[in-house]
Amino acid sequence: MDVDLIFKVAAIGILVAVLNILLQRSGRDEQALMTTIAALVVVLIMVVQKISELFSLIKTLFDL
């Protein structure tokens, strides 16, 4: 597993945290929530892709 995935998730988390704080301080709570949800979906898609690669590797490894 690449360390790049961990860095990408961390970068997205930091960026979303800053955006969330800025949006909430300017009174745009709905946009802050939508930004957080969108980032969560992006990270979940990235993780699901890596899990899919893992399962395909296990499938080829055990010749299933």
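Keep in mind that what you see is a predicted model, and the values were worked out from it rather than measured.

*Asks:* Whenever I open this one, the overall build of the chain confuses me. Can you help?
*Replies:* When helices and strands are tallied, the chain shows two helices and zero strands. The C-alpha atoms of the chain give 16 Å as radius of gyration, which overshoots the globular expectation for 64 residues (11 Å, by more than 25%). Overall, the C-alpha framework of the chain stretches about 55 × 20 × 5 Å when taken along its three principal axes. Split into buried and exposed, the 64 residues of the chain put 11% on the buried side. In the form shown here, the chain has an accessible surface area of approximately 5,400 Å², with 72% of it arising from carbon and sulfur atoms. One way to put it: in the chain the 5 positive side-chain charges average out to a point 5 Å from where the 6 negative ones average out.

*Asks:* Explain the pattern of salt bridges to me, please; I cannot follow it from the model alone.
*Replies:* Any two side chains of opposite charge can pair, on the condition that their charged atoms come close. Taken as a whole and judged by the stated rule, the model has one salt bridge. A salt bridge links lysine 50 to glutamate 53, with the shortest nitrogen-to-oxygen separation between them at 3.8 Å. Here lysine 50 and its partner glutamate 53 are both found in helix α2 (residues 29–61), three residues apart, which amounts to about one turn of the helix. Overall, the relative accessible area of 47% leaves glutamate 53 in the partly exposed class.

*Asks:* Honestly, a nonpolar patch on the surface in this entry has me stumped. Any pointers?
*Replies:* Residues Val47, Ile51, Leu54, Phe55, Leu57, Ile58, Leu61, Phe62 and Leu64 make up a contiguous nonpolar surface patch of roughly 940 Å² in combined accessible area. Mapping isoleucine 51 onto the fold places it in helix α2. By relative accessible area, which is 40% here, isoleucine 51 ends up partly exposed.

*Asks:* Would you mind going over the packing of helix α1 (residues 3–25) against α2 with me for this structure?
*Replies:* Packing of α1 against α2 brings their axes to within 8 Å, and their N-to-C directions diverge by 175°. Accordingly, the angle class assigned to the pair α1 and α2 is roughly antiparallel. Every residue of α2 that contacts α1 at Leu5, Lys8, Val9, Ile12, Val16, Leu19, Asn20, Leu23 and Gln24 is listed here: Asp29, Gln31, Ala32, Thr35, Thr36, Ala39, Val42, Val43, Met46 and Lys50. When its residues are assigned to classes, the contact of α1 with α2 shows 11 nonpolar, five polar and three charged.

The rules behind these values
Residues numbered from 1 in each chain as written. Predicted model: local features only at pLDDT ≥ 70, side-chain atom pairs only at ≥ 80, totals over all residues. Heavy atoms only, no water. Helix = DSSP H or I, 4+ residues; strand = E, 2+ residues; numbered from the N terminus. Rg over C-alpha atoms; globule rule 2.2 N^0.38 Å. Buried < 20%, exposed > 50% of the residue type's maximum accessible area, 1.4 Å probe, protein only. Areas by Shrake-Rupley, 256 points an atom, 1.4 Å probe, with all protein chains shown as cover. Lys, Arg positive; Asp, Glu negative; His and termini not counted. Charge placed at Lys NZ, Arg CZ, Asp CG, Glu CD. Salt bridge = Lys/Arg side-chain N within 4 Å of Asp/Glu carboxyl O. Patch = residues over 30% accessible without salt bridge, like charges linked within 9 Å, V, L, I, M, F, W, Y side chains within 5 Å. Axes fitted to C-alpha atoms, helices over the stretch in contact; angles between N-to-C directions. Parallel < 35°, antiparallel > 145°, perpendicular 65-115°, else oblique. Contact = heavy atoms within 4.5 Å. Nonpolar A, V, L, I, M, F, W, Y, C, P; charged D, E, K, R; others polar.

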